[in-house]
Amino acid sequence: MANITNFKKLGVSLLALSLLIPMVINSVNAQQVTINGAGATFPFPLIDTWRVEYKKVNPDVNINYASIGSGGGIKQFLEKTVDFGATDAPLTKTEFTQAGNPVHIPETIGSVVVSYNVPGIQDNSLKLSGPVIADIFLGKITKWDDPRIKEINPELTLPSNNINVVHRSDGSGTTFVFTDYLSKVSQEWADKVGTSKSVPWPTGIGAPGNEGVSASISGTENSIGYVELAYALTAKMNYATIQNKDGNFVIPSINSTMAAVESSATVLPNGSASWSNVSLTNAPGPDSYPISSFSYIVLYSELSTNPSINQQKAESIVDFISWAITDGQKFSEPLGYVPLPAPVVELNKQTLNSLTFNGNPISTN
Amino acid sequence: MNSKDNKAEIVHLIGSKSNKFITGDRLFKALVIGASIYALFMVVLVFYALSEGSLPIFFKEGINFIIGTDWNSVEGRESFGALPYIVGTLISSSIAMVIAVPISIGIAIFVNEMVPGKIGTVLSFVVELLAAVPSIIYGLWALFVFRFWIVDYIEMPLHNTFGDNLYVFARTPFGLDVFTAGIVLAIMIIPIISAVSREVIKAVPHSQKEAAYALGATRWEMVKTAILPYGKSGLLGASFLGLGRAIGETILVTMIIGNAVGLSAIPTTLFSPGQTLSSIIANEFNEASGSFQLSALIGLGLVLFIMTLFINVISIFIVSKVTKSNSNVRE
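Description of the structure in this document. These numbers come from a predicted model, not from an experiment.

So, on to the overall build of chain A. Looking only at helices and strands, chain A features 13 helices and 13 strands. Each principal axis of the C-alpha distribution contributes one length, and for chain A these read about 95 × 55 × 35 Å. Burial analysis of chain A (365 residues in total) assigns 49% to the buried set. Taking the intrachain contacts of chain A between residues at least 6 apart in sequence as the baseline, contacts between residues at least 24 apart amount to 74%.

Let us now look at the sheet that holds strand 10 (residues 249-250) of chain A. The sheet built from three strands is open, its strands ordered 5-9-10 (chain A) with mixed pairing. The open sheet has two edge strands with one neighbour each: strand 5 (127-128) and strand 10 of chain A.

In this section: the packing of helix 12 (residues 311-325) of chain A against helix 13 (residues 342-354) of chain A. Residues and elements named next belong to chain A. Where helix 12 meets helix 13, the axes come as close as 10 Å, and the angle between the chain directions of the two elements is 175°. It follows from the interaxial angle that helix 12 and helix 13 lie roughly antiparallel. Residue-level contacts link Val318, Ile321, Ser322 and Ile325 of helix 12 to Val345, Asn348 and Leu352 of helix 13. Counted by class, the contact of helix 12 with helix 13 contains five nonpolar, two polar and no charged residues.

Moving on, we come to the sheet that holds strand 2 (residues 61-66) of chain A. All names here are of chain A. In space, the eight strands of this open sheet follow the order 2-1-3-11-4-8-6-7, with mixed pairing throughout. Pairing within the sheet leaves two strands with one partner each, and these edge strands are strand 2 and strand 7 (205-207). Within this sheet the neighbouring strands show an average axis-to-axis angle of 25°, counted without direction. Bridge count between strand 3 (residues 84-87) and strand 11 (residues 292-299): three bridges; the pairing is antiparallel. Note on strand 11: the bridge partner recorded for Ala86 is Ile297. The strands touched by helix 3 (residues 70-78) within the sheet are strand 1 (33-39), strand 3 and strand 11, with strand 3 carrying the most contacts at an inclination of about 155°. Packing against the sheet, helix 12 makes contact with strand 1, strand 2, strand 3, strand 4 (103-117) and strand 11, and its axis sits at approximately 60° to strand 1.

Our next topic: the environment of Ala238 of chain B. All names here are of chain B. Within the element layout of this structure, Ala238 appears in helix 8 (residues 219-248). Once the C-alpha coordinates of Ala238 and Gly62 are considered, the two residues, 176 residues apart in sequence, prove to be 36 Å apart. Contact partners of Ala238, with chain neighbours within four places excluded, come to Ile193, Val196, Ser197 and Val200.

Before going further, it helps to spend a moment on unusual backbone geometry. Residues and elements named next belong to chain A. Of note in the backbone geometry, Asn124 takes a positive phi value of approximately 65° without being a glycine. Considering the arrangement of structural elements, one finds Asn124 in the loop between strand 4 and strand 5. A residue is classified by how many C-beta atoms lie within 10 Å of it, and Asn124, with 15 of them, is partly exposed. Located in the positive-phi region is Asn222, a residue other than glycine, with phi close to 65°. Looking at the element boundaries, Asn222 is found in the loop between helix 9 (209-218) and strand 8 (223-228). Classification of Asn222 by C-beta neighbours within 10 Å gives partly exposed; the count is 19.

Let us now look at helix 3 (residues 83-114) of chain B. For helix 3 of chain B, which comprises 32 residues, the first-to-last C-alpha distance of 45 Å matches the rise-based estimate of 46 Å (1.5 Å per residue) to within 8%. The largest bend in helix 3 of chain B comes to about 30°, at Ala100 of chain B, with the proline Pro102 of chain B one to four residues further on.

Looking now at the environment of Ser104 of chain B. Residues and elements named next belong to chain B. Residue placement: Ser104 occurs in helix 3. For Ser104, a count of 26 C-beta atoms within 10 Å translates into the label buried. For the pair Ser104 and Ala186, spaced 82 residues apart in sequence, the C-alpha separation works out to 9.6 Å. If we ignore the near neighbours within four places in the chain, the residues touching Ser104 are Ile190, Ile193, Ser194 and Ser197.

What counts, and at which threshold
- Residues numbered from 1 in each chain as written.
- Chains lettered and ligands numbered in written order.
- Predicted model: local features only at pLDDT ≥ 70, side-chain atom pairs only at ≥ 80, totals over all residues.
- Helix = DSSP H or I, 4+ residues; strand = E, 2+ residues; numbered from the N terminus.
- Buried ≥ 20, exposed ≤ 12 C-beta atoms within 10 Å, placed from the backbone.
- Contact = placed C-beta atoms within 7 Å.
- Pairing = 2+ DSSP bridges.
- Axes fitted to C-alpha atoms, helices over the stretch in contact; angles between N-to-C directions.
- Parallel < 35°, antiparallel > 145°, perpendicular 65-115°, else oblique.
- Nonpolar A, V, L, I, M, F, W, Y, C, P; charged D, E, K, R; others polar.
- Expected span 1.5 Å × (residues − 1).
- Bend = angle between axes of the 7 residues up to and from the residue.

This is the structure we're talking about:
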């Protein structure tokens, strides 16, 4: 009997101890702030690098980013379960009003390349124009030696084989950018298919993810598809040179994408306005690559709208994002992302300065 | 007075003892009832959640959601129809069943009747090992390796020989189509069907088999007259178990079926890309935007749920019918 009581006592004291330990740890970590974000998969490698690097700058702040897709990110942002959302496509007008006019902060830039696998045709040697790409994906151009492809590639010997079209089967920001471009260069595409993260493809096979498209293209001769530039670079895929708005054929690269963003930066809206019409595709300029897009972080302009954000957290969020759009940009290029040009960084700084918490501007150190 | 007291004491004693019994009994009963209510409750809950989530799309599309072929989530042009994916699901799992059922029953008969005990055990162990392979492994293998074999050794020969005359083989194959999906699904469900079939065949009484042999039956005649009729209901049950898996399989199908959408997702040939109910949900759910697309995808979930339920009910019905007609064959 005595033994049992002893055991009971031991049990009770162990229980008390186990409750105490986390409390002690918590009090030690009281200054720690965790910022939760969710959204697009495209910027994930970059945001993940920021998470690690920002920890060195500011050890008290933890960044938590779940790459669940833009749609999921916007949903969680609207439901206020995360502190910031990330999306490849700007919020639609409906989402924008639903969220009470949040701010858009472009945090990086990506471009989409048209990749192909045609025996005997080297990387970058195939030239394509917007209307030709649109007609291939509409199923109107079906053979590689179609006169319209031959016309812009007189130096190539193209096979008389069927073109196997590969597109993304999952909803994706990459598809949004690609179809946005095709809608601008082909009226028929705009009328029949349109711009969205998943569209009613008239032809071709769908494969999930950049990986799926890449596997389908490399495993199938005479195929064509589209993937992100960063992915094409790491997977060493062949991609086409594309004719831009000024009529020049441009190789997709970080520099040609930068050129496109710089030429569009002058017409960008205020950070707190609706960005639903913002698009970098088919940008003017002699060196601009025509298929690129911002990826955005979205925040409430009044941060206290989300009840889980307090004054300290609001300051940390603003500080982290200011760091990401300035110092953090140096991590872009090694990962295949395009760094933000100066005018966009300036615009973002203004947007961050306009944010408030309980009506007061947020000071950062 | 005394005797009354004694009586009361005895009653009290028995009472307390039986009370103990009753508590244990009641606890067991409550546990069992609770477990079965839980199962029922989950089905009702899933059904309710799916119905509620898909209400907006049924209000918008009505019956067109079931028989329509459009699938457009572009803002302002929303239009959703489930027919291509219902067709895709039925076709891919039919192909899988046509391939898997004879092979699985063949394996089961071989393991039970043709090879001596130890080799049979090893063989059936190997087959069951295949059942433990996660479907994504089958999917990756199919996407990077197996699809090229299928194209080179099955699809291309079929296309070259019959392509001009038979429309089902007319399209030039490249391995991402309903036919490939069906074959890989078959490979995935063979272990399940053959494992259950093996048990069914094992349960056929020796007296039945010996009777067949005694009447001068060859091995094939014995299988035909003793094993197959006796095990019919069990073999059917095993096949439906496989069918259930094939219909619901998601990731493997998504990787190799070609994922077409809308009208072009209704396969016109065996070598056309298609899309199943579960694969389009997997493809589009993450990035679903706007209330209609999400609701339409939940609606597909409801269709899949009802389809699976329907197949299960049919299978129970068939099995019970077969068992009834078989009851006079018993020992």
